[in-house]
Amino acid sequence: LLPCMMKMDAVFVEGVEKPATWTSAKIIAAVIDLAGSLGIQVIAEGIETVAQRDTLKAMGCPLAQGYLLGRPSASLNDPAFQLDASAVTATRQLG
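**Some details on the environment of Val31**
When you line up the elements, Val31 lands in helix α2 (residues 22–37). Looking at Val31, the relative accessible area reads 22%, which means it is partly exposed. Sequence-distant contacts of Val31, that is, excluding residues within four places in its chain, are made with Met6 and Val42.

Take a look at the structure:
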């Protein structure tokens, strides 16, 4: 049984557009490729700059979360989300 989605932690996303963090870019590319080959969607967390968003979009990452795209918010329709509002964030399609 495979998951249908996976989140890529913000630690990999931070500075992905800078040459000093190309190791992170290689890891991100590998995760996107592996997930894609298994039919799993990837959500990149921690998108705070336009450069990060554009770099991840160019790398083929389909979804993203972060302050650039929307602040964390609680869902009024799901009581489970009201227990920990910080866990719910806006997810945006990059493609």
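**Things to note about the nonpolar core**
Judged by nonpolar contacts, the single largest core of 16 residues is most densely connected at Met8, Ile28, Ala44, Ile47, Leu56 and Cys61. Going through the elements one at a time, α2 and β2 (41–44) are the ones with two or more residues in this core. Top contributing element to this core by residue count: α2, with four residues. Not counting chain neighbours up to four residues away, the residues in contact with Met8 comprise Ile28, Ile32, Val42, Ile43, Ala44, Glu45 and Cys61.

Thresholds, definitions, all that
- Residue positions are given per chain, counting from 1 as you read along its sequence in written order.
- Per-residue local features of the predicted model are confined to residues with pLDDT of at least 70, and side-chain atom pairs are confined, for both listing and counting, to 80 or more; whole-chain, interface and lining totals are unaffected and use all residues.
- Side-chain measures here rest on the full set of heavy atoms in the structure, leaving out hydrogens and waters.
- Runs of E in the DSSP output that reach at least two residues are strands. Runs of H or I that reach at least four are helices, and both are numbered from the N terminus.
- Working definition: with a 1.4 Å probe on protein chains only, accessible area under 20% of the residue-type maximum means buried, over 50% means exposed, and in between means partly exposed.
- Contacts between residues were defined by any pair of non-hydrogen atoms, one from each residue, lying within 4.5 Å.
- Nine residue types can take part in a nonpolar core, namely buried Ala, Val, Leu, Ile, Met, Phe, Trp, Tyr and Cys, and a core is a set of them joined through side-chain atoms within 4.5 Å.

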